[in-house]
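Chain and residue survey
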Amino acid sequence: MAASERRAFAHKINRTVAAEVRKQVSRERSGSPHSSRRSSSSLGVPLTEVMEPLDFEDVLLSRPPDVEPGPLRDLIEFPADDLELLKQPRECRTTESGVPEDGKLDAQVRAAVAMYSEDWVIVRRRYQHLSTAYSPVTTETQRERQKGLICQVFEQDTSGDERMGPEDTDDSQHCSGSPEDTPRSSGASGIFSLRNLASDSLLPALLERAAPEDVDRRNEALRRQHRAPALLTLYPAPDEDEAVERCSIPEPPREHFGQRILVKCLSLKFEIEIEPIFGTLALYDVREKKKISENFYFDLNSDSVKGLLRAHGTHPAISTLARSAIFSVTYPSPDIFLVVKLEKVLQQGDISECCEPYMVMKEADAVKNKEKLERLRLAAEQFCTRLGRYRMPFAWTAVHLANIVSSVGPQDRDSDSEGERRPTWAERRRRGPQDRGCSGDDACSFSSFRPATLTVTNFFKQEAERLSDEDLFKFLADMRRPSSLLRRLRPVTAQLKIDISPAPENLHFCLSPELLHVKPYPDPRGRPTKEVLEFPAREVYAPHTCYRNLLFVYPHSLNFSSRQGSVRNLAVRIQYMAGEDQSQALPVIFGKSSCSEFTREAFTPVVYHNKSPEFYEEFKLRLPACVTENHHLFFTFYHVSCQPRPGTALETPVGFTWIPLLQHGRLRTGPFCLPVSVDQPPPSYSVLTPDVALPGMRWVDGHKGVFSVELTAVSSVHPQDPHLDKFFTLVHVLEEGTFPFRLKETVLSEATVEQELRASLAALRLASPEPLVAFSHHVLDKLVHLVVRPPIIGGQIVNLGRGAFEAMAHVASLVHRSLEAVQDSRGHCPLLAAYVHYAFRLPGGDPSLPGGVPPATVQAATLARGSGRPTSLYLTRSKSISSSNPDLAVVPGSVDDEVSRILATKGVDRSHSWVNSAYAPGGSKAVLRRGLPYCGADPRQLLHEELALQWVVSGSAVREVALQHAWFFFQLMIKSMELHLLLNQRLDTPRKLRFPGRFLDDIAALVASVGLEVITRVHKDMELAERLNASLAFFLSDLLSIADRGYIFSLVRAHYKQVATRLLSAPNPTALLTLRMDFTRILCSHEHYVTLNLPCSPLSPPASPSPSVSSTTSQSSTFSSQAPDPKVTSMFELSGPFRQQHFLSGLLLTELALALDPEAEGASLLHKKAISAVHSLLCSHDIDSRYTDATVKAKVAELYLPLLSLARDTLPRLHGFAEGSGQRSRLASMLDSDTEGEGDIGGTINPSVAMAIAGGPLAPGSRTSISQGPSAAARSGCPLSAESSRTLLVCVLWVLKNAEPALLQRWAADLALPQLGRLLDLLYLCLAAFEYKGKRAFERINSLTFKKSLDMKARLEEAILGTIGARQEMVRRSRERSSSGNQENVRWRKSVTHWRQTSDRVDKTKDEMEHEALVDGNLATEASLVVLDMLEIIVQTVMLSEARESILSAVLKVVLYSLGSAQSALFLQHGLATQRALVSKFPELLFEEDTELCADLCLRLLRHCGSRISTIRIHASASLYLLMRQNFEIGHNFARVKMLVTMSLSSLVGTTPNFSEEHLRRSLKTILTYAEEDIGLRDSTFAEQVQDLMFNLHMILTDTVKMKEHQEDPEMLMDLMYRIARGYQGSPDLRLTWLQNMAGKHAELGNHAEAAQCMVHAAALVAEYLALLEDSRHLPVGCVSFQNVSSNVLEESAISDDILSPDEEGFCSGKNFTELGLVGLLEQAAAYFTMGGLYEAVNEVYKNLIPILEAHRDYKKLAAVHGKLQEAFTKIMHQSSGWERVFGTYFRVGFYGARFGDLDEQEFVYKEPSITKLAEISHRLEEFYTERFGDDVVEIIKDSNPVDKSKLDPQKAYIQITYVEPHFDTYELKDRVTYFDRNYGLRAFLFCTPFTPDGRAHGELAEQHKRKTLLSTEHAFPYIKTRIRVCHREETVLTPVEVAIEDMQKKTRELAFATEQDPPDAKMLQMVLQGSVGPTVNQ
């Protein structure tokens, strides 16, 4: 390394390292999750710099494979048969080739014939189909692979069907003693029923005591069974939008067809049948005024009529008997007509006369007109015999195609040729350029309509003056008008029946326009269908693929008006002459109908007595392969005499003219207006044109043009473009060396031909696009030929490399522009792609090596002029070649400097590199550089070398064009290199020797300059930058298959460095990063990606020059005293060695690491891209047959190991799947604080806790507060979306599943404690992310529906924050739009990506939903099992560590979480096995440490014991039994487990809606059975204790059943729960549980006041307990302290000392019986009070809470509390009148009738929501009890009078409901001042009943009495339930006077209130006054 370089490098290193070290140390110190992100841990090379890759080829040579042959061996090197050369026969549509055989072909035809007959040459990479580019994983392929999944059984799916099918068949007897009839007290019967139950089967060998190792081994073996082989097939396919690497093999070039219509002519019938009629069909486009098909001739005459022409007919060829034709329409439009023209045999009389009989005579009158008909027949017979070879126009008609297509209606407009479409991503359909044509209003498709049979009845007679096409177009335009002039004409009546239908795919018996048989052609005797040649309305850009050489001749008009004599019935005869003798007329004119296939002459129809006729005839000729100067068309004009007169000939020639077909070697076509000679032309006339006035010839009309005719050629041999013609001519001249040569006016000698050729190359860009595209293969072939075999002129090699390169660039550009509409997704033109893939070959592909004997003519001395380009071309263009240092990050001055700098310092100075040599072009000894190594060799050059050279040195204009189509040149070079290697058998040579150094230099220069263009254009032209970027990546990827791989890697690295340099100054780094990510993704899509990463050679440990950054600071590992093994560590980190050896995988993961870096910009877009890239690669590994073997898969997984650390460090920013579901205690923070607590300086927040607060997904309420811990908040960066997080996690799981367990174990052993904690967190998150949602969730709608909106949100943010340029955004949007019409409305293409499938169609079929649920279930199971495997690995590593408790409890938490989430039966049996193993190995975890874990475990086990699925129950009861046994063995009683199980059961019963007690009973019985069979504990009290516990649980269950019954009756349910809670008065834990259950139920029902009361009671209970334990000043003194909140609370003081001795194990051990628990309960109570609007009570609650918080100095909470208090008081102020707060309405409800059971004759006061009307509660209760007891049983008693039981029907149930109001004594009212006071703590209620002595309710004032009833309740409202029993009632009766007085007092009060209003309220006063006339009014 040069000194200057070393210095600069050192500077740089020191700078970065110092900063990195500081950062590193501070991070390590804080244990932050990003502790080693940018600075990778084991070598101080920052991730932003790319490592120098290993020299791939050297590594392979130096490290001999130490593996036996087999799948692992195949990973080491590319397979030997990687490249193969295929010759694919060119698809020929016809059975004959149609290529002329005759020998004397000129060069042009020879070239064409060769081209159309040679096979395709395809270089195939045999394994390419395995790459993600060619076999993408899409939703469809995923669906395919998901077939045959086992259906996983989930509890939640079975809950609907009460009994699971086959699982529970053994539940035959439901339950012997039904629990309904066993009241709680009678224990005996309960025991009896449990005894009689059948138990589930027992687990074998459960009670044996085996060594833990054996158990683990057995468990692991079981876990290995029935596993899903490929994890990622269960996950949705990667996002299609990101798949930049998608390619498809181009379609082979095919003949172009439009939409094809089949027209069959069925019959033609006139009113009279007297003579043959001949028909012609053709298509015309009125808008374009163009005939758009050739003519199709048909003959529907009967055999008898045909017989009239016997005299003239030869035997008709079968091809002329066709009656059906296929028309092709490239540009369908509503203006297309099918025109039918009819002709008949020439006869005397003009057209009108001849039509007359057809118009007049009717078929019906045949008898009447018999004589007439006979006469006509005779005449017709005579004319046929005499004039049978001439025709005359007769009639015509037209069919408007659009009417047929649209009126019949589409079969199915959608059938948009889905079949042939590339799956989801071939963004534009490849139907051809015509797509542009049918745009907008005239879109009209002929490809799919229902077939129609038409009968055309009206024909219009032809008019002699209006026969031309112009007139026809006028008629057609007129036909479309409603008031058509044609309608007024008298029609010729006839019936023509035709069938019109879309042409079927492979029609049998088809003839091509050249009359060749199209396959399939089963029998040559079948009547054929003809394909009619199309003349497209506009240009069609498609290359010719088959030989076609047709000439069409259209005579338009003839003007003989000035000609004297009898020249009236004029016929024109046409002949194709090969010479001047009549015998040289060639049979090349196609016959029409019922005649021979080819004829030597043909005539136009005759217009009777017309001297200047117009013609509509079309002659079709087959051009001979070799047209010479003598070939010409010869026209003879005849006068035909229609009447047989003696002495007059039938035809008299009256004129002659001709057209020579070749002029200067070009075919002559176009319109001609020819003079006509009266005399036969003189000899050798044919080389001249008739325009030349030959001496002694007489001309009609004085040599003026009188005959107008047009020639058009449809030829794939003659380009008909001056520039192309000239180019081909020159090239062929050079090939044949025929000098001198005449080109137009000039004669070319050898001296001038070079200049002409150069000019012609330059002029190619001026060629018109249509022929250029049509002949693109020819042109490109010739250009390649000129480069590879430079022509030798005058014995000297002429190097045309530069000219040919420029021409190629321009041709590519022109072709591309013409076909803009049909580019594929990558902007490639399919036509050029197909050329490279199929047609391109190296000229003379003989495998001879360059060299050999030089041709004698070449003189080495002349090589100097060979370069053929001005010496000033490039390097003299002031590109000073600097020797500057490439590593200095200077901002380049200009592109040129930059490029030259890169060129100059290409690594080693190769002395033969032309850049620095005198031999450089323009240097002192400039010579043709390719000639150097073998001077005087055959002038054969290698195309790829020449292309690379020309490109590197090209001028700016050409370079620009080449850049636009860089992919084309790259692909050409690649194929050229591949062919070079294959044809010269060089594939066996070592890669380093395959290509010369100077060529590699050119490649390097090229890559550098294209790379630079990408970087500089990213802001100017994002689309081009994207395309260039992809092309460059594909080019390098392709090179990896053929060139020196280490060298290519170094090019990749150089490119990365270029990008990195630019990133520092880029205004919009995101755009560049996006491109770089795409670049990486494409490189990684190589089919041998794994091999390219050197997977099998071990990592060389880092040879670090200085002590590596992390080794000095890394904490010593958790589990081993010695330092971590650097080899293992560097495998799991993005370390230097890792990135160096696994180069591509290193690049990919580095991209991911940088994207996930918290400081990264434009993050969400980059997250998605980077994660998607990894995901799609892993998917492809999963489906790759080469990697199915487990050992191989493990090697592949090693390439992704750093993903684990990456995901672990990104943990805080992953989406919080675990939030919401249960409060999640954070494992990592717990571990962190364990190990680092002492080190933290007092008062600072532990970083990971801060992280959790700031938005780590795992802290319970995290998202709310970001303010605390500023450092953490600032560092947390952009969170990942749910989708990205899930995908990242699934990739992590893939690595864990496939990596080698031993390796993972070694890694886990080396992890520091906090890192291990985060790893466990990660596993926890994996469980949460893939939890099964249940079938019902799928039925509702998939949760990913809003994924798109999230994406849009991310994009919007990016646009707002400016991280993504507006231009780029636009480009992306437009690309999306073009890709599938418009992606926002994706609904129309359902296959676009997986989530759309799940979301946009809400109307999924049942099968699809079943399938989705099936896949989701399998994914959840597999993910959970992978996590379980990893947990087992961690447990095994932890066995020996000191800090194992904290880790084990964290592991156990993850296991518990997995047991608690929705899991399949398969997983649960393994999960429970792991849990049993854990408990047996580490019992102290549960029984000595944390009660929480044990409580959690009991709850989970009990829940599974009640499962409907027997396997789950079997395992859960086994686990529960072992848990008790374990507890018992430790302390001879298992009070703790007893207690926790009882509590768990209570909370289960309270909270689980569809809990199955029947199944739980089975499990209880199973546990009993275990206890009875356990021989080991026979002598202890264990079995007895178990029995007691089981019976106790059974009792609780029985109560539960009752609750089940009353599920619908909230009051009854609450009473039951209340009763159960009362029953637990002696067991505080359980009472607390039930109070909490009740609170939950109330909150569900919206009774917030009651829920709050439950919480207050719970708090009082805890306070009582705490008061017993210690006497703390700040704690409430038991219940008494809560009296102000509720007077009912004193119930809780029943816990006296004799019941509770606080020391007893297992009592009051829950988390709530602590100060913290108390605080929690009080906070909940306050929250419920606030929700219920009881703000005054909030204050009372907080009075008890504040002293506790003050004692704890918890100022944060105090601040919050006072804030809430302020809110509460403010609300009270604002709602002072009380009307705004509505507290409740009360009703007295009495139940009467035996049906009510316990409730009979009971009275309750019900508290209903405020403003409940009497009718509402009455209706509710009536409806409820009617449902329960049946119709006509329940009656509502309408009055409030006392009920007389004897008068009621005993069979019925009566309910009496009365509205009651709270009642206060006068003294009470003094205290109850506010509205709240009058609605809180209510015990007395009042209602009044009016009555009269005679029994009526109302009567006269004098007899109106009133009964006042006062009710007292047992408890005060609000209470912990909403109905309270009435315990006392008093009645007082008022006399009529008292009633009146009371009314008066009430009115007076109301009046006083109304008048004292401030401000005065007139309305209110008016209302009061209206009702105050007297006490009788408004009674």
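Keep in mind the model is a prediction, meaning the values are calculated, not measured.

1. Section: the overall build of the protein
Looking only at helices and strands, one finds 65 helices and 37 strands in the protein. Contacts spanning at least 24 positions in sequence make up 79% of the contacts within the protein whose residues lie at least 6 apart. When the accessible surface of the protein is totalled, it reaches about 82,400 Å², and 54% of it is carbon and sulfur.

2. Thoughts on the packing of aromatic side chains
Scanning the entire structure with this criterion turns up 58 aromatic pairs. When the centroid spacing of 6.0 Å and the interplanar angle of 75° are considered together, the rings of W967 and F968 count as edge-to-face. On the accessibility criterion, W967 (3% relative accessible area) is buried. A ring pair is formed by F995 and F999, whose centres lie 5.7 Å apart and whose planes are at 55°; its orientation type is tilted. Of the two residues, F995 and F999, both sit in the buried class. Three or more aromatic residues joined by ring pairs make a cluster, and in this case those are F805, W951, W967, F968, F969, F970 and F1035. Note that R622 overlies the ring of F598, its terminal NZ or CZ placed 4.4 Å from the centroid.

3. Notes on the confidence of the model for the protein
Mean pLDDT over the protein stands at 79; residues scoring 70 or higher make up 79%. Every residue in residues 1220-1226 is under pLDDT 50, and counting partners more than four places away or in other chains gives twelve contacts. Predicted confidence for residues 1342-1349 stays below pLDDT 50, and this span has 14 contacts to residues more than four positions away or in other chains.

4. Describing a nonpolar patch on the surface
Taken together, V687, L688 and V692 make up a surface patch of nonpolar side chains, about 210 Å² in accessible area. One can find V692 in the loop between β25 (670-674) and β26 (707-715). Residue V692 is classed as partly exposed on the basis of its relative accessible area, which comes to 36%.

5. A look at the environment of S1085
Residue placement: S1085 occurs in the loop between α28 (1069-1084) and α29 (1089-1092). In this structure, the C-alpha to C-alpha distance between S1085 and L1177, residues 92 residues apart in sequence, is 7.2 Å. Sequence-distant contacts of S1085, defined by excluding residues within four places in its chain, comprise S131, T132, A133 and E245.

6. Examining the side chain of T1091
Examined against the element boundaries, T1091 turns out to sit in helix α29. If sequence neighbours within four positions are ignored, T1091 has contacts with F56, D74, L75, I76, E77 and F78.

7. Quick word on the packing of helix α17 (residues 776-788) against helix α18 (residues 801-818)
Close contact between α17 and α18 brings their axes to 9 Å; oriented N to C, the two are set at 160°. With respect to each other, α17 and α18 are oriented roughly antiparallel. For α17 against α18, the interelement crossing comes out left-handed. Here S776, V779, L780, L783, V784 and V787 of α17 come into contact with α18, specifically with A804, A807, M808, V811 and V815. Among the residues making up the contact of α17 with α18, the classes are represented as ten nonpolar, one polar and no charged.

8. Things to note about unusual backbone geometry
That bond from K519 to P520 is cis: its omega, -5°, falls within 30 degrees of zero. Cis geometry is adopted by the peptide bond preceding P1918, which originates at F1917 and carries an omega value of -10°. With respect to the helices, strands and loops of the structure, P1918 is situated in the loop between β36 (1905-1917) and β37 (1923-1934). Backbone geometry places L1094, a non-glycine residue, at a positive phi of 45°. The residue L1094 is located in the loop between α29 and α30 (1109-1113) in this model.

9. Remarks on the sheet that holds strand β19 (residues 601-603)
The strands that make up a sheet are held in pairs by hydrogen bonds between backbone atoms, and each pair lies either parallel or antiparallel. Ordered by their spatial adjacency, four strands build an open sheet running β19-β16-β21-β22, and the pairing between neighbours is antiparallel. Among the strands making up the open sheet, the edge pair consists of β19 and β22 (651-660). Within the sheet, the average angular offset between the axes of one strand and its neighbour, ignoring direction, is 20°. In this structure, strand β16 (residues 570-577) lies alongside β19, joined through three bridges in antiparallel fashion. Residue pairing for β19: I574 is matched across the bridge by A602.

10. Quick word on the pairing of strand β2 (residues 120-125)
Most of β2 is tucked away: five of the six residues are buried. As judged from the six bridges shared by strand β1 (residues 83-88) and β2, these two strands associate in the antiparallel manner. Within β2, the position partnered with L86 by the bridge is I122.

11. Points about the packing of helix α7 (residues 212-224) against helix α49 (residues 1465-1481)
Axis separation between α7 and α49 bottoms out at 10 Å; the angle between their running directions is 170°. Taken together, the axes of α7 and α49 are roughly antiparallel relative to one another. Considering only the axes of α7 and α49, their crossing is left-handed. Across the interface between the two elements, P212, V215, D216, N219, L222 and R223 of α7 pack against H1470, A1473, T1474, A1477 and K1481 of α49. For the contact of α7 with α49, the class distribution of residues is five nonpolar, three polar and three charged.

12. What about the side chain of N1688?
Position of N1688 among the secondary structure elements: in the loop between α58 (1648-1669) and α59 (1715-1732). For N1688, the residues in contact, after removing those within four places along its chain, are H1657, R1883, H1915, A1916, P1918 and Y1919.

13. Quick look at the pattern of salt bridges
Tallied over the entire structure, the rule returns 95 salt bridges. Between R1017 and E1013 there is a salt bridge; the shortest N-O distance is 2.8 Å. Placement of both R1017 and E1013 in helix α25 (residues 997-1017) is noted, with a separation of four residues, approximately one turn of the helix. Here the salt bridges do not stand alone but share partners, grouping E220, R223, R224, R227, K1297, E1422, D1429 and E1432 into one network.

14. Quick look at the pairing of strand β15 (residues 549-558)
Every other side chain in a regular strand lies on the same face of the sheet, so the side chains alternate between the two faces. Among the ten residues that make up β15, eight are buried, leaving the element largely enclosed by the rest of the structure. Alignment of β15 against β26, held across nine bridges, turns out to be antiparallel. For L558, the partnering residue across the bridge sits in β26 and is F707. Examined bridge by bridge, β15 and strand β20 (residues 619-622) share four bridges and lie antiparallel to one another. Within β20, the residue paired with V553 across the bridge is F619.

15. Some remarks on α7
Look at α7: 18 Å from first C-alpha to last across 13 residues, which is about the 18 Å you get at 1.5 Å a residue. Listed in full, the buried residues belonging to α7 are V215, D216, N219 and R223. Projection of α7 onto a plane perpendicular to its axis shows the buried side chains occupying an angular sector of 100°, all on one side. Buried residues in α7 make contact with α47 (1406-1438) and α49. Taken from the residues just after α7, H226 is the one with a positive phi, measuring 50°.

16. Some thoughts on the environment of L558
Within the secondary structure, L558 sits in strand β15. Judged by relative accessible area, which is 2%, L558 ranks as buried. Once the C-alpha coordinates of L558 and V709 are considered, the two residues, 151 residues apart in sequence, prove to be 8.9 Å apart. Sequence-distant contacts of L558, that is, excluding residues within four places in its chain, are made with L570, K611, S612, P613, F615, F637, V706 and F707.

17. Notes on the environment of L54
Residue position: L54 is located in the loop between α1 (3-30) and α2 (56-62). Assessed through its relative accessible area of 19%, L54 is described here as buried. Placed 1085 residues apart in sequence, L54 and R1139 show a C-alpha to C-alpha distance of 9.6 Å. Every residue in contact with L54, bar those within four places of it in the chain, is listed here: V59, G1046, L1094, Q1140 and Q1141.

18. Considering a negative patch on the surface
Judged by side-chain charge, E1608, E1822, E1823 and E1827 come together as a negatively charged surface patch. Looking at where E1608 falls in the secondary structure, it is placed in the loop between α55 (1582-1605) and α56 (1610-1623).

Quick notes on the rules
Residues numbered from 1 in each chain as written. Predicted model: local features only at pLDDT ≥ 70, side-chain atom pairs only at ≥ 80, totals over all residues. Heavy atoms only, no water. Helix = DSSP H or I, 4+ residues; strand = E, 2+ residues; numbered from the N terminus. Contact = heavy atoms within 4.5 Å. Areas by Shrake-Rupley, 256 points an atom, 1.4 Å probe, with all protein chains shown as cover. Phe/Tyr/Trp six-rings, centres within 6.5 Å; stacked < 30°, edge-to-face > 60°. Buried < 20%, exposed > 50% of the residue type's maximum accessible area, 1.4 Å probe, protein only. Lys NZ or Arg CZ within 6 Å of the ring centre and 35° of its normal. pLDDT = per-residue confidence, 0-100. Patch = residues over 30% accessible without salt bridge, like charges linked within 9 Å, V, L, I, M, F, W, Y side chains within 5 Å. Salt bridge = Lys/Arg side-chain N within 4 Å of Asp/Glu carboxyl O. Axes fitted to C-alpha atoms, helices over the stretch in contact; angles between N-to-C directions. Parallel < 35°, antiparallel > 145°, perpendicular 65-115°, else oblique. Left-handed = near helix turned anticlockwise from the far one by under 90°. Nonpolar A, V, L, I, M, F, W, Y, C, P; charged D, E, K, R; others polar. Pairing = 2+ DSSP bridges. Expected span 1.5 Å × (residues − 1). Arc of directions from axis to C-beta. Lys, Arg positive; Asp, Glu negative; His and termini not counted. Charge placed at Lys NZ, Arg CZ, Asp CG, Glu CD.

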